[in-house]
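# Summary of structural features
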Amino acid sequence: MSDKSVIIIGAGMAGLSAAHEFNKAGWAVTVLEARSRVGGRVHTVREFSHGLVAEGGAEYINESQHRMIALAKEFDLHLGAVGSWQNQSGDWAALQGKAGYLHDTALWGADLDAENTKVWVALAELGKQVTDLSNPAASKNAKALDSQNAESWLQSLNVHPLAKVLFANHIRSEYTCEPKDFSLLDLARNAAMYYSDPNASDPAYRIIGGNDQLPQAMAKRLPDVRMNAVVTSIKLLDEKVEIVYKQADNFHTLQASYAILATPLTTARLIDFEGTLPPAHHAMVHELSYGSVTKVMIEYKKRFWHDRGWNGRLNTDLPIVFTWDATSHLEGEHGILTAYTGGEPGAALTRLSDADRIKTAVSAIESIFPGSSNLIENTQTIAWRNEAFTLGSYMAYAPSQVTSHWQALFSPAGRLYFAGEHATIYQGFMEGAVESGQRAAKSIIEKG
């Protein structure tokens, strides 16, 4: 152990970003990864034909997310445009047994575009109550907002009931939880960060060839990345951190001046801290909520959606909640639709076998587009709550959790720092994971 030594637990984007900074600064850095692959929730699925891939995990890089864009450029990876996450021309809905363009007033019996705009205007107004994105708990009405859920706010709006359904699905998709389980303060924080202008949109991208190319390239530059290394205990001492991990049937002990825990808190709960984790951090690790999400990726021999003028994006009250074209940034005859399901519908699909989950998604799409199932070439699925080293989607603050745990989440526990999509103001994004890792590394390097 040297004075400038650090152990990083987790080789997702947060851990690798931190390790990348330490390596450039000349520190001795060891990365411990429980899986046999790097990337964590950045996981590209490659079991499709014609060289097609789809993202089983993190998918979108927004145009405003300069850290991810800079890393892609540094490692010579190219981005493909996929449009705005919030809305696009050609979006469809399937609600109450009807399906078609969101802007089809005759179909819905209402101007859903106008009604949706009312929701986003109200959301922008809600965001004005959070003035410091780095400390929403300091907002004037923080406790009152945090004690409420997003469902109560949504139901209070004077908008068409279908607009409320569509926005509830937005919450299920963006935060992977139910509106009733999501803190209104955190919705306000996200509104202030991303939706202050209800008419604005942030174009998004995927890495051409798969997002997993980035963590793989980053890991190759590091001198000491240990795979299949499951951390079992972390002991925080005055002058060092002691970590025990298991590889195959053997236990190993490492010591370093600092450590960064860059795993989901769901798996951090399985680590024995030997009574050395401060009470506030212990509560934060064990209490913060995570959502549920599944993906079913369906490869079709023909992009039948183009024949209908549909872009592949579907907001629905069917069991699959949301779909999009996973290959929208590419040309070609074959294409992949991803059914992305969060919240309680996602939890329901999580409980199914892979085969039944795929069958459910295929059947939902077939019910809207009869004959589409005859075009299927390949299918794949993932349920992140079932993944042993993830055990959830990503963090989603439940009511009262922002004011209770924000401070601990952004503070080190002695020589142990926290990083990951949960430990950042850009929560839920690869950009946030990178920001958290870089920030933790910077803080330690400046101390060292």
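Each remark here, short or long, concerns the structure printed above.
The structure reproduced in this document is the subject of the present report. (Residues numbered from 1 in each chain as written. Predicted model: local features only at pLDDT ≥ 70, side-chain atom pairs only at ≥ 80, totals over all residues. Heavy atoms only, no water.)

## Let's talk about the overall build of the protein
Counting secondary structure elements, the protein contains 16 helices and 20 strands. For 448 residues, the compact-globule estimate of 2.2 N^0.38 gives 22 Å, and the protein sits close to it at 22 Å. With the principal axes as the frame, the protein shows a C-alpha extent of 70 × 55 × 40 Å. Across the 448 residues in the protein, those meeting the buried criterion constitute 57%. In the protein, of all internal contacts separated by at least 6 residues, the share reaching a separation of at least 24 is 73%. Just so you have it, the protein exposes about 17600 Å², and 49% of that area is on carbon and sulfur atoms. Across the protein, the 39 positively charged side chains and the 49 negatively charged ones have centroids separated by 3 Å. (Helix = DSSP H or I, 4+ residues; strand = E, 2+ residues; numbered from the N terminus. Rg over C-alpha atoms; globule rule 2.2 N^0.38 Å. Buried < 20%, exposed > 50% of the residue type's maximum accessible area, 1.4 Å probe, protein only. Contact = heavy atoms within 4.5 Å. Areas by Shrake-Rupley, 256 points an atom, 1.4 Å probe, with all protein chains shown as cover. Lys, Arg positive; Asp, Glu negative; His and termini not counted. Charge placed at Lys NZ, Arg CZ, Asp CG, Glu CD.)

## With respect to unusual backbone geometry
Phi at Gln 96 takes a positive value of approximately 55°, unusual for a residue other than glycine. Mapped onto the fold, Gln 96 is located in the loop between strand 7 (92-95) and strand 8 (98-101). Note on Gln 96: relative accessible area 59%, which makes it exposed. Phi at Ser 400 takes a positive value of approximately 75°, unusual for a residue other than glycine. Counting through the fold element by element, Ser 400 comes out in the loop between strand 19 (376-383) and helix 15 (401-409).

## Some thoughts on the pattern of salt bridges
In total, this model carries 21 salt bridges according to the counting rule given. We note a salt bridge from Arg 221 to Glu 74, for which the minimum N-O separation is 3.1 Å. Placement of the pair is Arg 221 in the loop between helix 9 (213-220) and strand 10 (225-226) and Glu 74 in helix 2 (residues 66-74), with a sequence separation of 147 residues. Arg 221 gets classed as partly exposed once you look at its relative accessible area, which sits at 43%. Glu 125 is the salt-bridge partner of Lys 128, the closest N and O atoms lying 3.1 Å from each other. Judged by relative accessible area, Lys 128 falls into the exposed class, the value being 58%. (Salt bridge = Lys/Arg side-chain N within 4 Å of Asp/Glu carboxyl O.)

## Describing the pairing of strand 2 (residues 28-32)
For strand 2, the tally of buried residues reaches four of five residues, placing the bulk of the element in the interior. One ladder, built from five bridges, connects strand 1 (residues 5-9) with strand 2; its direction is parallel. Bridging from a neighbouring strand, Ile 8 pairs with Val 31 of strand 2. The parallel pair strand 1 and strand 2 is bridged by helix 1 (residues 13-24), and the resulting crossover is right-handed. Pairing between strand 2 and strand 10: two bridges, direction parallel. Opposite Val 31, over in strand 10, you have Val 225 as the bridge partner. (Pairing = 2+ DSSP bridges. Right-handed = clockwise from strand over helix to strand, strands pointing away.)

## As for the packing of helix 1 against helix 16 (residues 430-447)
Look at helix 1 against helix 16: their axes get within 7 Å of each other, and the N-to-C directions meet at 35°. Our pair here, helix 1 against helix 16, has a crossing hand that is right-handed. Facing helix 1, whose interface residues are Met 13, Ala 14, Ser 17, Ala 18, Glu 21 and Phe 22, helix 16 presents Ala 433, Val 434, Ser 436, Gly 437, Gln 438, Ala 441, Ile 444 and Ile 445. Looking at the contact of helix 1 with helix 16, its residues break down into nine nonpolar, four polar and one charged. (Axes fitted to C-alpha atoms, helices over the stretch in contact; angles between N-to-C directions. Left-handed = near helix turned anticlockwise from the far one by under 90°. Nonpolar A, V, L, I, M, F, W, Y, C, P; charged D, E, K, R; others polar.)

The values are spatial; any link to function lies outside them.
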